[in-house]
Amino acid sequence: MGIYLNPGNEPFAASVNSELYVDKTELIKYTNSRIGKDRPLICSSRPRRFGKTMAVTMLAAYYSKG
């Protein structure tokens, strides 16, 4: 028997439906809604290794002109 890469999406579907999955697709939309407000602050308090740096890096890439 061989080793199959990406044999199915059942494990991913199980992860998405679990309580630990954090969907960041609305992060840019939410950030845009806070720009130009009186208090445009966003606090992201998550446990270690929960994707805070990745989210900030994604936002920096989205809003940068480079």
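Nothing here was measured: the structure is a model prediction, and the numbers come from that model.

*Asks:* Residue-level account of a nonpolar patch on the surface, with values.
*Replies:* On the surface, a cluster of nonpolar side chains totalling about 320 Å² of accessible area is made up of Ile 35, Tyr 62 and Tyr 63. The residue Ile 35 is located in the loop between helix H2 (27-34) and helix H3 (52-63) in this model. Ile 35 gets classed as exposed once you look at its relative accessible area, which sits at 53%.

*Asks:* Help me get a handle on the pattern of salt bridges, residues and values and all.
*Replies:* Inspection of the entire model under this criterion finds one salt bridge. Lys 29 is the partner of Glu 26 in a salt bridge, and the nearest nitrogen-oxygen pair spans 3.9 Å. Residue Glu 26 is classed as partly exposed on the basis of its relative accessible area, which comes to 46%. Of the residues examined, Lys 29 reaches a relative accessible area of 58% and is grouped as exposed.

*Asks:* Give me the lowdown on the packing of aromatic side chains, citing residues and values where you can.
*Replies:* Counted by the stated rule, this structure contains one aromatic pair. Seen in terms of ring centroids, Tyr 62 and Tyr 63 are 4.9 Å apart; in terms of plane orientation they differ by 85°. Their pairing is edge-to-face.

*Asks:* Report on the environment of Asn 32, specifying residues and quantitative values.
*Replies:* Considering the arrangement of structural elements, one finds Asn 32 in helix H2. Residues contacting Asn 32, with those up to four places away along its chain left out, are Tyr 62 and Tyr 63.

Rules used in this analysis
Residues numbered from 1 in each chain as written. Predicted model: local features only at pLDDT ≥ 70, side-chain atom pairs only at ≥ 80, totals over all residues. Heavy atoms only, no water. Patch = residues over 30% accessible without salt bridge, like charges linked within 9 Å, V, L, I, M, F, W, Y side chains within 5 Å. Areas by Shrake-Rupley, 256 points an atom, 1.4 Å probe, with all protein chains shown as cover. Salt bridge = Lys/Arg side-chain N within 4 Å of Asp/Glu carboxyl O. Helix = DSSP H or I, 4+ residues; strand = E, 2+ residues; numbered from the N terminus. Buried < 20%, exposed > 50% of the residue type's maximum accessible area, 1.4 Å probe, protein only. Phe/Tyr/Trp six-rings, centres within 6.5 Å; stacked < 30°, edge-to-face > 60°. Contact = heavy atoms within 4.5 Å.

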